[in-house]
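# Notes for the structure review
Listed below are the residues making up each chain.
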Amino acid sequence: GTPAAAYIVVKLDQQQINVRSGPGRLYPQVGVLLANQEVPAKGRSSGGEWIMIEYLGVSGGTAWVYSPLVDLIGGDLPVVESPEVWKKKLKTLG
């Protein structure tokens with residue numbers, strides 16, 4: 001069968017955590033998750049510090065959380081490049 005989808009659970013010692021539009025504290029906050037909340041995980045930053053989650057209600061339907069604040073359950077996550085990284089790569093290639 002298909003592998004179980006990965007998801008995150010917000011750690012119990014966190015009352016709420018910030019959800020951001022990109023993998024870093026400089027990205028704007030787009031919402032919050034509450035302690036013990038479960039959300040599907042879609043990917044991670046190259047360093048693994050940030051996890052991309054399914055977050056409906058924002059453009060693209062995905063957002064990011066800081067990985068030490070959550071427990072990752074289930075499969076390995078693919079590395080997702082942030083838009084800035086892509087722009088830099090395109091400049092280098094072009």
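My aim in this report is to walk through the structure given alongside it, one point at a time. Note that the structure is predicted; figures quoted are calculated from it, not measured.

This paragraph deals with the side chain of Ser 45. If you trace the backbone, Ser 45 turns up in the loop between strand S4 (38–44) and strand S5 (50–54). For Ser 45, the side chain forms a polar contact with the main-chain nitrogen of Glu 49, separated by 3.3 Å. Those residues in contact with Ser 45, other than ones at most four positions away along the chain, are Pro 23, Trp 50, Trp 64, Val 79 and Val 80.

With that settled, the discussion passes to the packing of aromatic side chains. Throughout the structure, instances matching the rule amount to one aromatic pair. Centre to centre, the rings of Trp 50 and Tyr 66 are 5.2 Å apart; their planes meet at 50°, and the pair counts as tilted. Of this pair, Trp 50 sits in strand S5 while Tyr 66 is found in strand S6 (residues 62–66), placing the two residues 16 residues apart along the sequence. We classify Trp 50 as buried; its relative accessible area is 7%.

Moving on to the environment of Val 39. On the secondary structure map, Val 39 appears in strand S4. Residue classification places Val 39 among the buried residues on the basis of a relative accessible area of 7%. In this structure, the C-alpha to C-alpha distance between Val 39 and Val 9, residues 30 residues apart in sequence, is 6.7 Å. Residues in contact with Val 39, not counting those within four places in the same chain, are Tyr 7, Ile 8, Leu 33, Ile 53 and Glu 54.

What counts and how
Residues numbered from 1 in each chain as written. Predicted model: local features only at pLDDT ≥ 70, side-chain atom pairs only at ≥ 80, totals over all residues. Heavy atoms only, no water. Helix = DSSP H or I, 4+ residues; strand = E, 2+ residues; numbered from the N terminus. Polar contact = N/O pair within 3.5 Å; in protein donor to acceptor, adjacent residues only side chain to side chain. Contact = heavy atoms within 4.5 Å. Phe/Tyr/Trp six-rings, centres within 6.5 Å; stacked < 30°, edge-to-face > 60°. Buried < 20%, exposed > 50% of the residue type's maximum accessible area, 1.4 Å probe, protein only.

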